[in-house]
Amino acid sequence: MNKIFQPKFLPLVATTAGLMGFMLRFKTISGGTDAEGLYTFELVPWLLLCIVSIAVPVLIFVMARPLTEPGKFSDNFPVSIVSAVGCLIGALGLAISALDMFQIYQRSVNTLTPDTLSLIAAVLGLMATVMIGVVAFARLKGNKPNFLCHLSVCLYMAVRIFCQCRAWSNEPQISVFLLPFLANLFVMLAAYHLCAFDVDMGKRRASLMYSLCAVYLCLTALPGAQDILFLGCMAIWLLTNLCSLRIIKSRKSKTPVNPVQATMGNSDVSIDELQGWLEEEE
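Residues numbered from 1 in each chain as written. Predicted model: local features only at pLDDT ≥ 70, side-chain atom pairs only at ≥ 80, totals over all residues. Heavy atoms only, no water.

Novice: Tell me about helix α3 (residues 81-110), and name the residues and values.
Specialist: Under the 1.5 Å per step criterion, the end-to-end length of α3 is 44 Å for 30 residues, consistent within 8% with the ideal 44 Å. With its phi angle positive at about 65°, Leu112 sits one or two positions after the end of α3. (Helix = DSSP H or I, 4+ residues; strand = E, 2+ residues; numbered from the N terminus. Expected span 1.5 Å × (residues − 1).)

Structure representation (structure tokens):
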């Protein structure tokens, strides 16, 4: 049983659960809408989706328990072409999202009600795109990126969530936007914990919890979402940029040996050697 719940299987668990969530959510909303435009959710797929959504973070928590230190960047992020490609895909998703925010701002200008917050979000999104592109080149060389790179993503996601909440607040069914909201929230938290590794203060278990939950939520929220490309790109980015999954066994402290006891019964040890050992102990 312990062989199944090893940390190395965490990406597979999150991806499989995300695909299950994708199918369950698709089945849940496949009934369409009623005369009032509200989704007619199917009960059984909805209940199964709730069970999976509760089980995923619990399973991630249990499987990640053996992972403690180290929290340094060099111990968790070696040179990786896969991670670099994942960063480029993440940058693409951020660019698409930033352009969507800019289009929202343009529409607001056309209606003579400029939405300044959308413009700020668009600018922050373009900055985050460039920063994650920088991280991609750092992954190729194994260099530590500046902490501002991941922090820019965290800041952009915070503003983006605020912008989207204004539209979600008009939605009569909370179950429609709950998963997209949680997906955006966990992407922001995952970026924050990746930023911690950039200053050698990372926490592996917390980073894996938020990153893998974000992967699951992004995949599950795809059916019915308006920002499918963004969610898909974020899932690939976080899945390919996880911290190290190797278990570091605790090192047993060696009990210092008294040099006098070590020389008992050994007549070949001279007085000078014994005196040297004592000086080293002091």
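Here the narrative resumes.
Novice: So what's going on with the layout of surface pockets? Which residues, and what values?
Specialist: The volume enclosed by the largest pocket comes to roughly 650 Å³. In terms of lining residues, the largest pocket is bounded by 23 residues, among which Gln164, Ala167, Trp168, Gln226 and Asp227 are the most central. Mapped by element, the contributors of at least two residues to the lining of the largest pocket are α3, α5 (147-168) and α6 (174-197). Here the residues of the lining of the largest pocket are counted per class, giving 10 nonpolar, 5 polar and 8 charged. The calculated volume of the second largest pocket comes to roughly 340 Å³. Around the second largest pocket, the lining is made up of 18 residues, and of these Leu49, Ser53, Leu178, Leu179 and Leu182 lie nearest the centre. Taken together, the elements giving at least two residues each to the lining of the second largest pocket come down to α1 (10-28), α2 (43-63), α6 and α7 (204-220). With 6 residues, α2 is the largest single contributor of residues to the lining of the second largest pocket. Across the lining of the second largest pocket, the residue classes break down as 14 nonpolar, 3 polar and 1 charged. (1 Å grid on protein atoms, 1.4 Å probe; cavity = no way out; pocket = protein on both sides within 12 Å on 5 of 7 lines; lining within 4 Å. Points joined across faces, edges and corners; volume = space filled by probe spheres on them. Nonpolar A, V, L, I, M, F, W, Y, C, P; charged D, E, K, R; others polar.)

Novice: With reference to specific residues and values, describe the environment of Leu194.
Specialist: Position of Leu194 among the secondary structure elements: in helix α6. The buried category is assigned to Leu194, whose relative accessible area is 2%. When the C-alpha atoms of Leu194 and Ala206 are compared, they prove to be 10.0 Å apart, with 12 residues separating the residues in sequence. For Leu194, the residues in contact, after removing those within four places along its chain, are Phe77, His150, Ser207, Trp237, Leu238 and Asn241. (Buried < 20%, exposed > 50% of the residue type's maximum accessible area, 1.4 Å probe, protein only. Contact = heavy atoms within 4.5 Å.)

Novice: So, the pattern of salt bridges: which residues are in play, and what are the values?
Specialist: A side chain with one charge can pair with a side chain of the opposite charge if their charged atoms come near. Following the criterion strictly, the structure yields 3 salt bridges and no others. Between Asp115 and Arg166 there is a salt bridge, with the nearest N and O atoms lying 2.7 Å from each other. One end of the pair, Asp115, is in the loop between α3 and α4 (116-141); the other, Arg166, is in helix α5, with 51 residues separating them in the sequence. Among the salt bridges present, the one from Asp227 reaches Arg160, with a minimum N-O distance of 2.8 Å. Linking Asp227 in the loop between α7 and α8 (228-239) with Arg160 in helix α5, this pair joins segments that are 67 residues apart in sequence. There is no split in this pair, since Asp227 and Arg160 are both buried. (Salt bridge = Lys/Arg side-chain N within 4 Å of Asp/Glu carboxyl O.)

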